[in-house]
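Report on the structure
Spelled out from the first residue to the last, the chains are:
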Amino acid sequence: MLTTRFVSGAPNWLDIGTPDIEGATSFYGGLFDWRFQSAGPDAGGYGFFQLAGKTVAGGMQTTSEQGPPSWTVYFQTPDAEATTKAAEQAGGNAVFLPMDVMGEGHMAILADRAGVPFGLWQPARTKGVDVAGDPGSLCWVELYTPDVAAAAAFYNSVFGWETSAAPFPGGTYTCINPAGAEETDMFGGVVPLADDPTEAASGAYWLPYFEVTDTDATVAKAQELGGTVRMPATDLEGVGRMAKLADPYGARFAVIKSAPRPS
């Protein structure tokens, strides 16, 4: 699971583009107790979702021309320019070329071979989110893609990611972790779209998971706040109890109460 001991290639930021930032603040505030803090008049409406005063994500209001409402996961890089070139050489493309963000770091938005957007964050003053792995914060990411092998090869070329197979009901799950990292630095998985009809209909994308203390209560609260249940609360042996949701505007995410780690 994720921590804020970020290493190159691991997620270190995420943000949401939404047609209604006030509505999104109300939804996620009611769900996770987040509060929205503007990044200032020069940030173009961008701001930070905070939990108990610590930043857990970013967000801003976007238009339909900028894409559908969605969460974007950013991965740490020591050199956004070099990583962008590596992605292009591996068959991806740059949606937004690397740019300085008010001295806080450099960011870029890329797309992989399947057209899935993801971000780069090269830290400067801002290293990443302040909290990860705790209730109300990012704890895991999953890539839903039509070709797991092709995706693994692409991200290996870009970030040096290593993959491993874990037994899973009905097959195996492809786990990913940064190059040369410990198993405890594992941060996500790659899932074939064909394995999940709910995902196949909506296309390839990155899915962020947020840790919660009670999955069923979170699902019920999401519905009360106008969200949609895309997959009901489900127990995964040795993993935890998870559910897939969408906010009132259609941005997709998942929640999980993780199983206790072996001591």
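The model shown is predicted, which means the values in this text are computed figures rather than measured ones. (Residues numbered from 1 in each chain as written. Predicted model: local features only at pLDDT ≥ 70, side-chain atom pairs only at ≥ 80, totals over all residues. Heavy atoms only, no water.)

**Quick word on the nonpolar core**
Grouped together as the largest cluster of nonpolar side chains are 60 residues, with contacts concentrated most on Tyr28, Phe32, Trp34, Trp71, Phe118, Trp206 and Phe253. Ignoring any residue separated from it by four or fewer positions in sequence, one finds Tyr28 in contact with Ile16, Asp33, Trp34, Trp71, Asp247, Ala251 and Phe253. Within the second largest apolar cluster, 15 residues are counted, among which are Cys175, Leu193, Leu207 and Tyr209. (Core = buried A, V, L, I, M, F, W, Y, C linked by side-chain atoms within 4.5 Å. Buried < 20%, exposed > 50% of the residue type's maximum accessible area, 1.4 Å probe, protein only. Contact = heavy atoms within 4.5 Å.)

**As for the packing of aromatic side chains**
Enumeration over the complete set of coordinates arrives at 34 aromatic pairs. Relative to Phe187, the ring of Phe75 lies with its centre 6.2 Å away and its plane at 50°, an arrangement referred to as tilted. Linking Phe75 in strand β5 (residues 70-76) with Phe187 in the loop between β11 (171-177) and β12 (188-192), this pair joins segments that are 112 residues apart in sequence. Comparing Phe75 with Phe187 shows no difference in burial state: the two are buried. Clustering of aromatic rings is evident, with ring pairs tying together Phe27, Tyr28, Phe32, Trp34, Phe36, Phe49, Trp71, Phe210 and Phe253. When the ring centre of Tyr205 is taken as origin, the NZ or CZ atom of Arg252, which lies over that ring, is 3.6 Å away. (Phe/Tyr/Trp six-rings, centres within 6.5 Å; stacked < 30°, edge-to-face > 60°. Helix = DSSP H or I, 4+ residues; strand = E, 2+ residues; numbered from the N terminus. Lys NZ or Arg CZ within 6 Å of the ring centre and 35° of its normal.)

**Thoughts on helix α2 (residues 80-89)**
Listing the buried residues of α2 in full gives Ala80, Thr83, Thr84 and Ala87. Taken end-on, α2 shows its buried residues confined to a sector of 105°, consistent with a single buried face. α2 presents Lys85 and Gln89 as exposed residues on the side facing more than 90 degrees away from its buried surface. Against the buried residues of α2 lie β6 (93-100), β7 (105-111), β8 (117-123) and α3 (148-159). Structurally, the start of α2 carries an N-cap: the backbone nitrogen of Glu81 is 3.1 Å from a side-chain oxygen of Asp79. (Arc of directions from axis to C-beta. Polar contact = N/O pair within 3.5 Å; in protein donor to acceptor, adjacent residues only side chain to side chain.)

**Considering the packing of α2 against α3**
Taken N-terminus to C-terminus, the directions of α2 and α3 make an angle of 150°; their axes are 8 Å apart at the nearest point. Judged by the angle between their axes, α2 and α3 are roughly antiparallel. In the crossing of α2 with α3, the sense of the turn from one axis to the other is right-handed. Where α2 approaches α3, its residues Thr83, Ala86 and Ala87 are matched on the opposing element by Phe154, Ser157, Val158 and Phe159. Here the contact of α2 with α3 is composed, by residue class, of 5 nonpolar, 2 polar and no charged. (Axes fitted to C-alpha atoms, helices over the stretch in contact; angles between N-to-C directions. Parallel < 35°, antiparallel > 145°, perpendicular 65-115°, else oblique. Left-handed = near helix turned anticlockwise from the far one by under 90°. Nonpolar A, V, L, I, M, F, W, Y, C, P; charged D, E, K, R; others polar.)

**Thoughts on the environment of Asp15**
Structurally, Asp15 can be placed in strand β1 (residues 11-18). Separated by 154 residues in sequence, Asp15 and Pro169 place their C-alpha atoms 32 Å apart. In contact with Asp15, other than residues within four places in its own chain, are Tyr46, Gly58, Gly59, Ser70, Trp71, Thr72 and Tyr74. A polar side-chain atom of Asp15 sits 2.9 Å from a polar atom in the side chain of Tyr74.

**Structural notes on the environment of Ile109**
Mapping Ile109 onto the fold places it in strand β7. Residue classification places Ile109 among the buried residues on the basis of a relative accessible area of 10%. Remark: the alpha-carbon pair of Ile109 and Val95, spanning 14 residues in sequence, is separated by 5.3 Å. Sequence-distant contacts of Ile109, that is, excluding residues within four places in its chain, are made with Thr72, Tyr74, Ala94, Val95, Phe96, Phe118 and Gly119.

**Quick look at the side chain of Thr83**
Along the polypeptide, Thr83 turns up in helix α2. On the basis of relative accessible area, Thr83 is assigned to the buried category, the value being 8%. Looking at Thr83, its side chain comes within polar contact range of the main-chain oxygen of Asp79, at 3.0 Å. Setting aside its immediate chain neighbours within four residues, Thr83 contacts Thr77, Leu110, Leu120, Val158 and Phe159.

**Quick word on the pairing of β1**
By the criterion of burial, β1 is predominantly enclosed, with 8 of the 8 residues buried. The pairing of β1 with β5 spans 6 bridges and is classified as antiparallel. Bridge pairing in β5 places Trp13 opposite Tyr74. Examined bridge by bridge, β1 and strand β4 (residues 54-61) share 4 bridges and lie parallel to one another. (Pairing = 2+ DSSP bridges.)

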